[in-house]
Amino acid sequence: MIELLFLLTILLLQVQGTTWPTTKLIHPPSGILIEGAGRATNITFDVSGVPFPEERKWYKDGAEITTFNNMNVDESGGNLISLKFNALSKVNEGVYYFVVRESKNTLEASKSLEVRLKVSFLDDFQDSAETQTKTAQVGEFARLECRAPAHFGAYPKFSWSKGAEKIVESDSIYVSEYGDLIIMQVAFEQYSSDYRCTIKIDSLMEGEQEKQGPAVSLIVTGNAASYVPPNIALQPIDLKIDAQVKETFRVECAVNGYPNLPSIRWYKDSVQIGSSGIIYDLQNRNFLKISIPRSGGSVGGTYRCEANDGTKQIYASAEIEIQTKPIITTGLPTAEVKKSSGSTMDLSCEATSTPTPQYKWYKNANLLTNDNLNHAINGGNLSISNINSLNRGVYQCEAFNDIGSTISTGMIRVQERLTFVIRPKDVEAFLGTAATFNCQGKGDPKPTSLRWEFNGGTPPATHDYTNNLVNQATYKIPKVTSSERDGRVSCIISSPTNLYPEDTATAIVTIREGPQVKATQKNITANEGEQRDLTCMVENVGNSVNWKWLFKDTLITQDDDRRITVEHNMIEIRALTGADQGTYTCQADENGLSNSDTMFIMVKTMPRITLDDTLRIGEGADARLTCKVTSNPTPVISWIRNGQTINNSAKFTIDQPNDGTSILVVSSVDKATDIGKYACKATNELATKQSEIDLVVVAACEVMDIPKDAEADYQTTVTVSCTVNACPTAQWTWMKDGQLINFDGSRTIDRGSSIELRQVVPTDGGEYSCTVDSNNGLDNRGTYSATITVTVKAKIYGFPESKVLFKGGDTVKMDCSAHGDDSQGSLLVEWYKSGVRQNTGSSVIQKDTTERISFVTSTLLINSAIASDAGHYQCIAQNGVSVDKRDTSLMLMTYPDRPGQPYNTWTGVGAVELAWREPANTGNTPLTSYEIHIETKGNNIFRPFLKGLDPLSVSTVIYFLQENQQYNFKVIAMNAVGKGPASIPSNEIRTIKTNANRDNLVENFSLQSVSSDSIKVKWEMPQRRTNNLKGYKIMYRNEDMNELPKEKIIDDYTMLETTIDELDGGSMYSVQIQSNTKTPINLIVSTVKTTQTLNQKPSAPAECTARRETASRIVVSWNEPENPHGKILFYTIYYSNRWNPADGPYVHNVTDAQTTSKAITLGDDSADYFVEITASNSAGEGIPFECIADGKTMNVIWFMTWWFYLIVALVGACILGLLILCVILCYRRRADKGPKMQKIPPTGAAKKDDFRGPNAQVYSPNTARSYNPPPANPMNTFSGGAMGSPDQGKFGGGAGDFRYGTQPKSPDYGAPDYGYNPNKFNTFDSKATYNDPPKPSYSGFDPPSYYDPPKAAYDPPKAAFEPPQSPKGGYGGQYDQGSNFDNTSRYEQNTMDSRYRGDNASRGYPTNDRNPSYGGGGNFKSSQL
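Residues numbered from 1 in each chain as written. Predicted model: local features only at pLDDT ≥ 70, side-chain atom pairs only at ≥ 80, totals over all residues. Heavy atoms only, no water.

Residue-level account of the sheet that holds strand β70 (residues 754–757), with values.
Backbone-to-backbone hydrogen bonds pair the strands of a sheet. The strands run either parallel or antiparallel. Here 3 strands make up an open sheet; going across it, the order is β65-β70-β69 and the pairing antiparallel. Strands with a single pairing partner mark the edges of an open sheet, and in this sheet they are β65 (718–721) and β69 (748–750). When strand polarity is set aside, the average angle formed by the axes of neighbouring strands in this sheet is 15°. Relative to β70, β69 is paired through 3 bridges, and the arrangement is antiparallel. Paired with isoleucine 749 across the two strands is glutamate 756, which belongs to β70. (Pairing = 2+ DSSP bridges. Helix = DSSP H or I, 4+ residues; strand = E, 2+ residues; numbered from the N terminus. Axes fitted to C-alpha atoms, helices over the stretch in contact; angles between N-to-C directions.)

What follows is the structure, given as structure tokens:
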């Protein structure tokens, strides 16, 4: 039957076009491969199957190969898949097999034949037909060489024979570690002979292999010298030893001398062997044999041999480094780690080894880099940010060095927190209608349960719900009632394995109001046992109303004994009890609408007493007897003992709070008189009830745990206890040194019967006491104390890492911060450095006289550090309590050694894969990068080709090579100090021709520079495309910069065009196209082509403006250039002081190319600035553009400067000066013009004092009276008689013809003197008060001898004047009444200065002449009205 099923399966697969995957061994055909050490070879299988097996794995000795150190897998040969070995060594021996699997069709794995690989180590060690000759002088030493072939990978064993006899080693003749025969004090008879060496090697596959080398003939010449001083025949050499391979090592120091061999003493790190504690063997004077412990440590260091023959002493030394495989000290978590989506996780992997380990990280067996998803790798630290489902899997940290590797494995599971796809929504429903809620959750892990709650509890039985986890769950209230009003429907999803195991979503049920219901009675009172009927009325309903009754929100149903009867809108309750007291609700429902009303029944009940049966208390304490009574109404409570009512007294106290409670306190209970029965009696209007309690005396409290003296370490936690037995009323009082403790809740915490002291310091020490009070009335108060002592141990809390690196000339600072000062001793911090043998084993570092080594508190400073400063350092902190130590190593960083010779592991059309070994010594500091230098055959010059390679990788793909071309490569390692020496050049490596392997190879493509920062790439579909092709990778790099290749991924193999952006302008770029395949195959890379990006700089930015916001700040705004010629990288703003050319230009770069506005702070807020802007792309900086700002200058805000106010002050002063000058000139000109013309009344006027009208005449006082009016009247006219003008019928003086403050010259009313000219019309003095005496009159008609000049200023007239009164003396108004008369009883305020006659000295009013011949003007200013 099984065979039949197998045949049917084969037939079915053939019908479907699917075949089993198979493997066929091609090389070696016999299955056994024997190859020499150091050589290259391969194991090749022919793989077949449809579809091609997607899973292919290699195994060695039963374990899958995950780390390919000196081998690689080659799948470039189509169906031929090879495991290639670069340089065979001992570690490559073993049994190999190859497994393929096609999982999509669930086909079983196909296991190949086993291949046994044997490494032959002695192929190159051949016998020589000719005997070699070696000459030695008598008394000197002889050294016969025997060298093992290269690439052993194992430690050989050497032996020598003299003639046919095997040489037995002694102090004078022995075999060195590397096979040389060393002979001391050579003599004729003893050593002249033929010698031959034999080499043996232990092979894993073939056991021990042995072969003899060529013969060596030693010829001794010369005569013996009388004395040969000590000399070193074989110098000790520096060694790096693999502790996993060797159990011992030898340090050789062959010392010759004559006639006596010198004595030899050995030292390790300046300590003589024998007192250092290491296991050694000194059976031969010429070498020291050391046993290596399993850890590999402690035996490495500086070994020195000292030789002395009593006359001369010499010495030599070597550095021994014991190399060990990394041992992981901090690995990945062994248990599965759960992290929520979006969180961050840090994984740490630490290992110790010599040399220092490096680290690789894998996820699901795939190597991780910083480019993988959201991983950030820093050596042994892996940080995963914003975790998502793609980060789920198995993580591995591999710590490796040249000796081996160790892997730590951990599992990360990414979880999505529980959340809701569908949340229940709030529902508004009518009473009697249905309400439905839906819910669905999700998460990773998925929800394992879904449940519903109503108002925080189990849903009522009337509610329907489903708990469907796959689809949405449903919760339904078939008919909403008032009990669901504002109800909360909650959907709860949970998953115990989720980081957030539960989530809840809640919806609210809202009920719409219905009919209007009203209770007929709101408050009802009844006695216990009576009957009451409750009735409700309803409005706004039809004939289909339904009634419900509820008591305390619980539906009332008719009980079996029919004590409660429900009839629609009425309920009947019989035999009322206290439980019936409460709120009743009547609810009316109709057509989905509902409404309700409430009423309250108060039920009067008989007293019911709650009282303990017994009270136990200690003798002498106060007893509290509590009686709780419930009744309605509140009862009267009393206490009875022995038939007598107890009243308040010295013995008894009754306290009755207003809550139905009565407390009887019996003071100082006496066992003889107070024990017995006490009765509590309660009475109300319905009944009287009574209950008793028995008072019993019990024992007192007992203290169980008292405080104890204790010592506490600094910064620890101390608990002081003081507990009692069965004393619930006990109270504690805590004190320290006699003072109450102030508990702060953080460092000092009160826990009742104990206290907790956290992070104690010396001041926390002292006497702590607790006072316990039983608080039950007994005399049981006690105080207990204990002493707490806080000791401060010396502790170092700040110290360098285990290794401190420095470069020559650096300043090294190593801190050793410690605490430990207390009353028991001051803290002492000392530094020690190994290397000087003293009783302590180290020497205290002393401050040197050059101040190169100094101390700052506990910090060691080494200025201008040198090589001898390196070594082991120790800091010791001690006080009177304890000692603390910390150790570190100070290591000098040097240039790294040369890397191993590079070799190719894969060759393509335009690329090769190069590998090399890490430098044996990285200079005590991690490498920072590698450089690849290249030489094209025939050029004979190595040039830099790749810089900045990952220092953690010792292989890389070299792209951008020409097809069918030979190259040599060198590798240079770099660390923090600098570049080390270049490696040995690789052997010639030739790229292959295009036609060698054309599957999926892009053969035709073109490049076109489209701008300064972009190149367009077009290519044709591979001519030999297979189904394995899935896309392309465009590789490119700037040849001028020797930069690392960059890539652009094309996931669609039908896409045949792309543009490479963000390139450097005017630079030469190399481009290759790599084909990406579905299954991992060796790189398929096209030939290389080059092109140069355009060297076009951008045009100037458009429409630049500069606006000055403040005196010290401008805002520059611009538009993008019209022709950017690529991507704008940044803008540059130049600005300079227009007034001070030395101030600028200043430069401000705007690195955000999306920004088109920038604010700039100026250095001089009082100057104008000139502003320009340029744009830059990858080709460089474009032409500048001048920014516009009010005439293209940056104008200062003038009103904010000091000189503005100075100018304003100067201009104001000038204007004021001009005004004063104008006033002075105007007055002078007026004085020179003489009197002005005045109007006089026309002849025959209706009113002689009428000056109005066109016929008014003018005259000039300096000529005879003339009635010819001038062209214009420049003078102020008199308003008729209103102003006291002269009567034309008389020949009195005319207006303005006054003599300097006197009356006109008109004696006896004679004719006025018109020839009197000197009066300038300035005779009126119009001050507010006129007390100036009249100026003297002049006799005759002679003009005055001087002129009265006008006053500089005149006061203005009064603001208002009272109307004039009738003239004094009854003179009927035949005279003019001055306009400015003050006709009060006093006339001192009249403004007229010249209105009186000689016969009337009174001033201020008109003359009393019945026919006054003149009038007086008033309030004149310089002859103006």
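For the sheet that holds strand β23 (residues 263–268), give the residues involved together with the corresponding values.
Taken together, the 5 strands give an open sheet; going across it, the order is β20-β28-β27-β23-β24, and neighbouring strands pair in mixed fashion. The open sheet terminates on both sides in strands that have one partner only, identified here as β20 (239–242) and β24 (271–272). Relative to β24, β23 is paired through 2 bridges, and the arrangement is antiparallel. Each bridged residue has a counterpart across the sheet, and for tyrosine 267 the counterpart in β24 is glutamine 272.

Pulling in residues and values, what's your account of the environment of cysteine 439?
Along the polypeptide, cysteine 439 turns up in strand β40 (residues 435–444). Not counting residues up to four positions away in its chain, the partners in contact with cysteine 439 are Phe420, Ile422, Pro424, Leu450, Trp452, Gln472, Ala473 and Cys491. (Contact = heavy atoms within 4.5 Å.)

Give me the state of the cysteines: which residues, what numbers.
For the structure on display, the rule yields 9 disulfides. Linked covalently through their sulfurs, cysteine 722 and cysteine 770 form a disulfide whose S-S length is 2.1 Å. Between cysteine 722 and cysteine 770, the S-S torsion sits near 60°, and that sign places the bridge as right-handed. With cysteine 722 in the loop between β65 and β66 (723–725) and cysteine 770 in strand β71 (residues 766–773), the pair connects residues that are 48 residues apart, well separated along the chain. (Disulfide = S-S within 2.5 Å.)

For the pairing of β71, give the residues involved together with the corresponding values.
Burial runs high along β71: 6 of the 8 residues are buried. Across 6 bridges, strand β67 (residues 731–736) lies against β71 in antiparallel orientation. Its bridge partner being in β71, tryptophan 734 is matched across the sheet by cysteine 770. Taken together, the 7 bridges between β71 and strand β72 (residues 782–791) define a ladder with antiparallel strand orientation. In the strand pairing of β72, serine 769 is matched with serine 785. (Buried < 20%, exposed > 50% of the residue type's maximum accessible area, 1.4 Å probe, protein only.)

Describe the pattern of salt bridges, naming the residues involved and giving the relevant values.
In this structure the tally under the stated criterion is 32 salt bridges. Between arginine 250 and glutamate 252 there is a salt bridge, with the nearest N and O atoms lying 3.4 Å from each other. By the burial criterion, arginine 250 is buried, and glutamate 252 matches it. Close ionic contact of arginine 563 with aspartate 580 constitutes a salt bridge, the shortest N to O distance being 2.9 Å. (Salt bridge = Lys/Arg side-chain N within 4 Å of Asp/Glu carboxyl O.)

If you had to explain the pairing of strand β36 (residues 381–384) to someone new, which residues and values would you point to?
Covered by surrounding structure in β36 are Leu382 and Ile384 only, the residues Asn381 and Ser383 on the alternate face being uncovered. Here 4 bridges tie strand β31 (residues 345–348) to β36, and the two strands are oriented antiparallel to one another. Looking across to β36, one finds that serine 348 is bridged to asparagine 381. Looking at chain direction, strand β35 (residues 375–378) and β36 are connected through 4 bridges and run antiparallel. Bridging across to β36, asparagine 378 finds its partner in asparagine 381. Remark: 2 residues form the turn of the hairpin made by β35 and β36, two consecutive strands paired antiparallel; glycine 379 in that turn has positive phi of roughly 65°.

Describe in detail the packing of aromatic side chains, supporting the description with residues and values.
Counting across every chain of the model gives 19 aromatic pairs. Taken together through their ring pairs, the aromatic side chains of Phe437, Trp452, Tyr465 and Tyr475 make up a single cluster. Over the aromatic face of phenylalanine 945 sits the side chain of arginine 1037, whose NZ or CZ is 4.1 Å from the ring centroid. Here the basic side chain of lysine 1089 rests over the ring of phenylalanine 1005, its NZ or CZ set 4.8 Å away from the ring centre. (Phe/Tyr/Trp six-rings, centres within 6.5 Å; stacked < 30°, edge-to-face > 60°. Lys NZ or Arg CZ within 6 Å of the ring centre and 35° of its normal.)

Kindly report on a nonpolar patch on the surface, identifying the contributing residues and their values.
On the surface, a cluster of nonpolar side chains totalling about 650 Å² of accessible area is made up of Ile1207, Val1211, Ile1215, Leu1216, Leu1219, Ile1220 and Ile1224. Examined against the element boundaries, isoleucine 1207 turns out to sit in helix α3 (residues 1202–1233). (Patch = residues over 30% accessible without salt bridge, like charges linked within 9 Å, V, L, I, M, F, W, Y side chains within 5 Å. Areas by Shrake-Rupley, 256 points an atom, 1.4 Å probe, with all protein chains shown as cover.)

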